[in-house]
Amino acid sequence: MKIIKQVPILILIAIFLISCRTSTNKEYPTNNLEKKIEDNPNSEKKRMEIKFSCGEDGISEYLDNGWNILKEESQEKICTWKSVPATKDCNMEKDKGCKITKPDKIGEEKIYLLEK
C-alpha cells in the first residue's frame, strides 16, 4: 500500500527533473543568437518609412538630420471628397439617400524608406 502511494510522488519528481533539463537546452541557442547579432555591424542602422500626401513634403528635415533615402515610391491619392446629388431631381437637403460622395482633388502620395 505504501508503494502505491509513493508512485505518484516519484512520477512528479521525474517530470520535474525532465522539465529542468529541457529548459537548460533551450537557453543555449538563444545565447548563440545574441552573439550573432552583436557580431553584425549592420544591426545598428535604423530604418523608417514616412509618407507625405497631397503636396506636403518634409523630407528635407530628415535629410538634414542624417537620414539617407533607400527607396522612393509615389502613387495617386484622393486628397478631398465632395458630395453631389445622384440625379438631377435629387434634393440633398431633404433626402440624404440621394447624396453620393465623389473624389474632388486627386494628388500624389510619396513614400520614402529612410536609413540612418
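Just so we're clear, the structure is a prediction, and the values are computed from it rather than from any experiment. (Residues numbered from 1 in each chain as written. Predicted model: local features only at pLDDT ≥ 70, side-chain atom pairs only at ≥ 80, totals over all residues. Heavy atoms only, no water.)

## Notes on a nonpolar patch on the surface
Quick note on the threshold: Residues forming no salt bridge and having over 30% relative accessible area are the ones grouped into patches, like charges within 9 Å of each other and nonpolar side chains (Val, Leu, Ile, Met, Phe, Trp, Tyr) within 5 Å. Surface exposure here means Shrake-Rupley accessible area, sampled with a 1.4 Å probe, where a residue is shielded only by the protein chains that are shown. Any carboxyl oxygen of Asp or Glu within 4 Å of a side-chain nitrogen of Lys or Arg constitutes a salt bridge here. Helix numbers and strand numbers start at the N terminus; a helix is a DSSP run of H or I with at least 4 residues, a strand a run of E with at least 2. For every residue, the accessible area (1.4 Å probe, protein chains only) is compared with the maximum for its type, and the residue is labelled buried under 20%, exposed over 50%, or partly exposed between those bounds.
A cluster of nonpolar side chains, contributed by Ile-3, Val-7, Ile-11, Leu-12 and Ile-15, occupies part of the molecular surface with about 510 Å² of accessible area. Summarising the element assignment, Ile-15 is placed in helix 1 (residues 2-39). Relative accessible area serves as the criterion here: at 52%, Ile-15 is assigned to the exposed category.

## Quick word on the sheet that holds strand 3 (residues 99-115)
The cut-off we apply is this: Pairs of strands are assigned from DSSP output, requiring at least two bridges between the strands. Axes here mean lines fitted to C-alpha atoms, for a helix over just the part in contact, with angles spanning 0 to 180 degrees between N-to-C directions.
Reading across from one edge, 1-3-2 is the order of the three strands in this open sheet, with antiparallel pairing throughout. Single-partner strands in this sheet number two, and they are strand 1 (47-53) and strand 2 (68-85). When the angles between neighbouring strand axes are averaged without regard to direction, this sheet yields 20°. Taken together, the 16 bridges between strand 2 and strand 3 define a ladder with antiparallel strand orientation. Bridge pairing links Lys-71 to Leu-113 in strand 3.

## Describing the nonpolar core
Note the following rule: Joining through side-chain atoms within 4.5 Å is the link that ties buried Ala, Val, Leu, Ile, Met, Phe, Trp, Tyr and Cys residues into a set, and such a set is a nonpolar core. Contact criterion: two residues are considered in contact whenever any of their non-hydrogen atoms come within 4.5 Å of each other.
One finds Ile-50, Phe-52, Ile-59, Trp-67, Tyr-112 and Leu-114 forming the largest nonpolar core, which totals six residues. Breaking this core down by element, the ones donating at least two residues are strand 1 and strand 3. Those residues in contact with Phe-52, other than ones at most four positions away along the chain, are Asp-57, Gly-58, Ile-59, Tyr-62, Glu-108, Glu-109, Lys-110 and Tyr-112.

## Here's the deal with the confidence of the model for the protein
So the rule is basically this: Confidence per residue, as judged by the predictor, is encoded in pLDDT with a range of 0 to 100.
In the predicted model, the protein carries a mean pLDDT of 77, and the fraction of residues at 70 or more is 75%. Confidence drops under a pLDDT of 50 for residues 22-40, and excluding neighbours within four residues, the segment shows one contact in the predicted structure.

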